[in-house]
Amino acid sequence: MNSITNTIIWKRIVLPTALYLCELWGQLTFAETRMLAQTQRYFVRFVLGLDKRSPTDSCTSTVGLWYIQGLIDKFKLLFLGRLFRANSNTTHKQLFTVRLNQLLLGESDKRSITYDLIKTLIKYAMHSFLESYMDDLYISDKKLSSKIVKQSIEIREENNWKSSIQSRPELCRYYEIQNRLSIHRLLRLAVVYLHLNYKLLVMVKLGSIAIKDGQCSLCGCYSTDVVQHLILYCEKLLDERNNMFYRIVDVLPVQESVRFFQQDDSDIIVALLGGITDFMQSVNSDNWRNMMCCLADHKFHLYGKFKGELSEHRFNFGH
Ligand SMILES: [Zn+2]
């Protein structure tokens, strides 16, 4: 099974089981949330073959997963929607109405489930749901309200992830490659080209590791960015690099290959690791796909030459 298949199993089977009835858990402590987040990170690192020291911000986002609290909040808000829409004759609706009235009168216990659900609603600035319910005692459109819940959490999750990753300069290359909280485009490609799955995964991993300085034991040079040095500059890897560049010239039309190499080195490495630079936006999707498939082969060969060097710098992919 490939990384995406494993991620889907995690999202659709393992997570819902692990978070069974989380809408009724109430407010989790910091330690409890941290343990759940650790479990999620452990799984993603295992699926992607990332080292346990790999940065959190470039881990779960590679497979487009939200932080665990966002997922729990989604279950809570969907449950609240079901309570809003429930028939007033049912016991759970009557209990909910009593608790909601207590809350509105300021008499609610802050440990109550209703208090926690309404607090979650306010967290996502969705007061209008409560106001609408108070006016009409009913929220009619299940599909629309579910969509609003999902989009509200998605926006907040994406903003939280962006602000976290933007505060870490060592992950600026990763952020240029993966600037949205969705499944990495090379992992999507791996679903289509199964025979390249493992090689595309190596490209994903190279793009996700932090920028770090160090001395290259292959050529003895000191660099401020070990990965960039190995892929673009190390003189001991000249032949492998040239072979990779020749293939880019073969795959792209002449004008585009010229423009590819006119990019800054920082953009070239982003493009080589699957990112969409300003120039790459002008490359059509077929050419981009062909280029990535060729690069997967060549990058994997290059990686075979320097993976020992990565281990020395404490980048260990376990392969
Ligand atoms: Zn070197």
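Residues numbered from 1 in each chain as written. Predicted model: local features only at pLDDT ≥ 70, side-chain atom pairs only at ≥ 80, totals over all residues. Heavy atoms only, no water.

## Structural notes on the coordination of the zinc ion
Here's step 1: Around the zinc ion, the protein supplies Cys216 (SG), Cys219 (SG), His229 (NE2) and Cys234 (SG) as donor atoms, at distances of 2.1 to 2.3 Å.
Here's step 2: Taken together, the 4 donor atoms surrounding the zinc ion define angles of 98 to 115° at the centre, an arrangement classified as tetrahedral.
Here's step 3: All donor residues of the zinc ion come from one chain, and their arrangement in sequence is C-x2-C-x9-H-x4-C. Placement of the pair is cysteine 216 in the loop between β1 (214–215) and β2 (222–223) and cysteine 234 in the loop between α11 (226–233) and α12 (238–251), with a sequence separation of 18 residues. (Donors = N, O, S within 2.8 Å, 3.2 Å for Na, K, Ca; no water. Tetrahedral: all angles 85-135°; square planar, octahedral: opposite > 155°, others 65-115°. Helix = DSSP H or I, 4+ residues; strand = E, 2+ residues; numbered from the N terminus.)

## Regarding the domain arrangement of the chain
Here's step 1: Examined at the domain level, the chain breaks down into domain 1 (72–149) and domain 2 (185–312).
Here's step 2: On a C-alpha basis, the centroid separation for the pair domain 1 and domain 2 is 50 Å. (Domains from an automatic or database assignment.)

## Brief notes about the nonpolar core
Here's step 1: In this structure, Ile231, Phe260, Leu272, Met291 and Phe306 are the most contacted members of the largest nonpolar core, which totals 57 residues.
Here's step 2: Those elements giving two or more residues to this core turn out to be α2 (30–48), α9 (185–192), α10 (197–208), α11, α12, α14 (265–272) and α15 (285–312).
Here's step 3: Setting aside chain neighbours within four positions, we find leucine 272 in contact with Met203, Ile231, Leu232, Met244, Phe245, Ile248, Phe260, Leu295 and Lys299.
Here's step 4: Within the second largest apolar cluster, 35 residues are counted, among which are Leu77, Tyr124, Leu130 and Ala210. (Core = buried A, V, L, I, M, F, W, Y, C linked by side-chain atoms within 4.5 Å. Buried < 20%, exposed > 50% of the residue type's maximum accessible area, 1.4 Å probe, protein only. Contact = heavy atoms within 4.5 Å.)

## Overview of unusual backbone geometry
Here's step 1: Phi at alanine 125 takes a positive value of approximately 50°, unusual for a residue other than glycine.
Here's step 2: Along the chain, alanine 125 falls in the loop between α5 (113–123) and α6 (127–136).
Here's step 3: Alanine 125 gets classed as exposed once you look at its relative accessible area, which sits at 59%.

## Overview of the packing of aromatic side chains
Here's step 1: Summed over the entire model, instances satisfying the criterion amount to 8 aromatic pairs.
Here's step 2: Ring centres 5.3 Å apart and planes at 75° place the aromatic pair tyrosine 198 and phenylalanine 300 in the edge-to-face group. Of this pair, tyrosine 198 sits in helix α10 while phenylalanine 300 sits in helix α15, and the two are 102 residues apart along the sequence.
Here's step 3: Judged by relative accessible area, tyrosine 198 falls into the partly exposed class, the value being 37%.
Here's step 4: For phenylalanine 300, a relative accessible area of 25% gives the class partly exposed.
Here's step 5: For the ring pair phenylalanine 300 and tyrosine 303, a centre distance of 6.4 Å and an interplane angle of 35° mean the geometry is tilted. (Phe/Tyr/Trp six-rings, centres within 6.5 Å; stacked < 30°, edge-to-face > 60°.)

## Thoughts on the environment of asparagine 242
Here's step 1: Among the structural elements, asparagine 242 can be located in helix α12.
Here's step 2: The class of asparagine 242 is partly exposed, set by a relative accessible area of 27%.
Here's step 3: For the pair asparagine 242 and histidine 298, spaced 56 residues apart in the sequence, the C-alpha separation amounts to 9.9 Å.

## Considerations on the pattern of salt bridges
Here's step 1: Evaluation of the coordinates by the stated rule reveals 12 salt bridges.
Here's step 2: In this structure, arginine 173 and aspartate 225 form a salt bridge, with 2.6 Å as the shortest nitrogen-oxygen distance. Linking arginine 173 in helix α8 (residues 172–177) with aspartate 225 in the loop between β2 and α11, this pair joins segments that are 52 residues apart in sequence. Residues arginine 173 and aspartate 225 agree in their burial class; the two are buried.
Here's step 3: Among the charged side chains, a salt-bridge network with shared partners connects Asp57, Arg168 and Glu170. (Salt bridge = Lys/Arg side-chain N within 4 Å of Asp/Glu carboxyl O.)

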